[in-house]
Amino acid sequence: MFLFCVLCTVCLYMCLFEARPEVFPGTRTHGSDRTMDLGLAEDHFSRPVGSFVASDIEQLKLAIEECKKLILELPEHSERQKDNVVKLIHLRLKLQELKDPEEDEPNLRVLLEHRFSKEKSKSVKQTCDKCSTIIWGLIQTWYTCTGCYYRCHSKCMNLITKPCVRSKVSHQSEYELSICPEIGLDRQDYRCAECRAQISLRGVPSEARQCDYTGQYYCSTCHWNDTAVIPARVIHNWEFESRKVCRSSMRYLALMMSRPVLRLKEINPLLFNFVEELVEIRKLRQDILLMKPYFITCKEAMEARLLLQLQDRQHFVENDDMYSLQDLIDISTGRLSCSLTEIHTTFAKHIKLDCERCQAKGFVCELCKEGDILFPFDSHTSVCYDCSAVFHRDCYFDNSTTCPRCARMTERKQDEEDLNYFNPNCQ
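Residues numbered from 1 in each chain as written. Predicted model: local features only at pLDDT ≥ 70, side-chain atom pairs only at ≥ 80, totals over all residues. Heavy atoms only, no water.

Asker: Explain the pairing of strand β5 (residues 142–145) residue by residue, including any values.
Answerer: Taking every second residue as pointing to the same face, both faces of β5 are buried, with Trp142 and Thr144 on one and Tyr143 and Cys145 on the other. Where strand β4 (residues 114–118) lies against β5, 3 bridges are found, and the strand directions are antiparallel. Across the sheet, Ser117 pairs through a bridge with Thr144, a residue of β5. Of the pairings in the sheet, the one linking β5 to strand β6 (residues 151–153) comprises 3 bridges and is antiparallel in character. Residue pairing for β6: Trp142 is matched across the bridge by His153. (Buried < 20%, exposed > 50% of the residue type's maximum accessible area, 1.4 Å probe, protein only. Helix = DSSP H or I, 4+ residues; strand = E, 2+ residues; numbered from the N terminus. Pairing = 2+ DSSP bridges.)

Next up, the structure:
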């Protein structure tokens, strides 16, 4: 509100700025050149006799009100009105300085697991998360938590009651998987779920706002009508519409966005029956896991750092069943399918065409002994789950015999056991 008033008065001053040779106390004219005293030479705050003198907050407030009334009473576009607008600006700045005096603040402060770092930016586009007012960076000291990006005035630091959300992410990396689990205002004793301020649906004394993620109700200070994609709605309904959430939920969801904590085949396995894109992504991920052994044993692949193409989605080279919320959002937009297909093509090209060492690790179908070199990630092949041998899909499923490689391994193992049985001293 303070910033809004200052900007309004500045705009009013600019609109009124039309050079006229009218004389007002504090201004002088010399021919056609007019020198206006912007209030810098005169001390408005040191208690000399005058209408706009104030030395403390209450007197400054009274002086501001008197100045505003006088501005409205004076003729529009007059020099006296312009001078009083300038004085009003200085009075407001002085009032803000008294409310938030400049002190030598530490660059780093730790509070409720927050790690607050002093900001040097003079931007006025930030809002204090504690008092919900604009941070006037030109004259106010403010801090940002390096973990959850909680912003607040220096004067609001000791009033903070919300612990850092990042600590919750570190200790409890899981989502609420029920869709808007509401318990009702009566169960909350008609109080904000976070700060315990009194709330009601009628807005008296404060409006009750529901968070679609937690299902609980919050006051307007803890709930700013921010919106976010709700994980439970994505998993159960494949719905990506943003819903209103409280401030703490918004930060928690933002920090959890890229964490692979969703095991879809356990939470909602039927989702793969209705979302074709999920099936496609799962197949690409399974193929990449089959390519990984080729890369970690290939000098050229390690030098080219091929696996680093997935550094933003590290879990893709570790498993094929864990997803992050960002993965699901990108799947719904088609972005992930395009990027992952391109990476899959690059990986396959290295193994099958560019690298002779990787080509040498291919397979020949032992059932038909025909065709080209086979690789486990080829679309027309099947892999034995026991020994990882690769066959043509038609040969493996149509052949009623067991895997030839498994049969050889079993026979070899049996021969070794027989040899040890009859020759126990044989090494």
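Now that the structure is up, let's keep going.
Asker: Explain the side chain of Gln126 residue by residue, including any values.
Answerer: Following the sequence through the fold, Gln126 ends up in the loop between β4 and β5. Of note is the side chain of Gln126, whose polar atom sits 3.1 Å from the side chain of Arg151. Non-local contacts of Gln126, meaning those with residues more than four positions away in its chain, are made with Ile134, Ile135, Trp142 and Arg151. (Polar contact = N/O pair within 3.5 Å; in protein donor to acceptor, adjacent residues only side chain to side chain. Contact = heavy atoms within 4.5 Å.)

Asker: Can you tell me about the nonpolar core, naming the residues and giving the values?
Answerer: Formed by 72 residues in total, the largest nonpolar core has its most connected members in Leu264 and Leu278. At 7 residues, helix α9 (residues 276–296) tops the list of elements feeding residues into this core. Among residues more than four places away in sequence, those in contact with Leu264 are Ile235, Pro269, Leu271, Phe272, Leu278, Asp321, Tyr323 and Leu328. (Core = buried A, V, L, I, M, F, W, Y, C linked by side-chain atoms within 4.5 Å.)

Asker: Can you explain the environment of Ile160? Please cite residues and give values.
Answerer: With respect to the helices, strands and loops of the structure, Ile160 is situated in the loop between β6 and α4 (165–171). Accessibility expressed as a relative area gives 6% for Ile160, which makes it buried. In sequence terms Ile160 and Cys195 are 35 residues apart; their C-alpha atoms lie 10.0 Å from each other. Once residues lying within four places of it in the same chain are set aside, the contact partners of Ile160 are Leu111, Leu112, His114, Phe116, Lys130, Tyr150 and Cys152.

Asker: Can you break down helix α11 (residues 325–333) residue by residue, with the values?
Answerer: Within the sequence span of α11, burial applies to Leu325, Asp327, Leu328, Ile329, Asp330 and Ile331. Residue Gly334 follows α11 closely and has a positive phi angle near 90 degrees.

Asker: Outline the packing of aromatic side chains, listing residues and values.
Answerer: Aromatic ring pairs are reported here in terms of the distance separating the ring centres and the angle at which the planes meet. Under the counting rule described, the total for this entry stands at 7 aromatic pairs. Ring centres of Tyr213 and Tyr252 lie 6.3 Å apart, and the angle between their planes is 35 degrees; on these two criteria the pair is classed as tilted. Of this pair, Tyr213 sits in the loop between β7 (209–210) and β8 (217–218) while Tyr252 is found in helix α6 (residues 247–256), placing the two residues 39 residues apart along the sequence. Aromatic pair Phe295 and Phe347: ring centres 4.8 Å apart, planes at 75 degrees, arrangement edge-to-face. Separated by 52 residues along the polypeptide, Phe295 in helix α9 and Phe347 in helix α12 (residues 335–354) bring together distant segments of the chain. Site record: aromatic cluster; members linked through ring pairs are Tyr294, Phe375 and Phe377. (Phe/Tyr/Trp six-rings, centres within 6.5 Å; stacked < 30°, edge-to-face > 60°.)

Asker: Can you lay out the packing of α9 against α12 for me, pointing to particular residues and giving the numbers?
Answerer: Axis separation between α9 and α12 bottoms out at 10 Å; the angle between their running directions is 30 degrees. The angle between α9 and α12 places the two elements in the roughly parallel class. Crossing of α9 over α12 shows left-handed handedness. Counted together, Glu280, Ile281, Leu284, Arg285, Asp287, Ile288, Met291, Tyr294 and Phe295 of α9 and Leu336, Ser337, Leu340, Thr341, His344, Phe347, Ala348, His350 and Ile351 of α12 form the full contact between these two elements. Class assignment for the residues of the contact of α9 with α12 results in 11 nonpolar, 4 polar and 3 charged. (Axes fitted to C-alpha atoms, helices over the stretch in contact; angles between N-to-C directions. Parallel < 35°, antiparallel > 145°, perpendicular 65-115°, else oblique. Left-handed = near helix turned anticlockwise from the far one by under 90°. Nonpolar A, V, L, I, M, F, W, Y, C, P; charged D, E, K, R; others polar.)

Asker: Which residues make up unusual backbone geometry, and what values do they have?
Answerer: In the Ramachandran plot, Asn225 falls in the positive-phi region, its phi being about 65 degrees despite a non-glycine side chain. Position of Asn225 relative to the elements: it lies in the loop between β8 and β9 (226–229). Positioned with a positive phi, Trp238 is a non-glycine residue whose angle comes to about 50 degrees. Tracing the chain through its elements places Trp238 in the loop between α5 (231–237) and β10 (242–245).

Asker: Tell me what's going on with the pattern of salt bridges, and back it up with residues and numbers.
Answerer: One pass over the structure, following the stated rule, counts 22 salt bridges. In this structure, Arg247 engages Asp226 in a salt bridge whose closest nitrogen and oxygen atoms are separated by 2.9 Å. Pair noted here: Arg247 is in helix α6 and Asp226 is in strand β9, with a separation of 21 residues, a long-range link. Both residues of the pair, Arg247 and Asp226, count as buried. For Asp321, the salt bridge identified is with Arg263, shortest N-O distance 2.6 Å. (Salt bridge = Lys/Arg side-chain N within 4 Å of Asp/Glu carboxyl O.)

Asker: I'd like a description of the environment of Ile329, backed by residues and values.
Answerer: Locating Ile329 in the fold gives a position in helix α11. The class of Ile329 is buried, set by a relative accessible area of 18%. In sequence terms Ile329 and Val234 are 95 residues apart; their C-alpha atoms lie 8.6 Å from each other. Setting aside its immediate chain neighbours within four residues, Ile329 contacts Val229, Phe240 and Met257.

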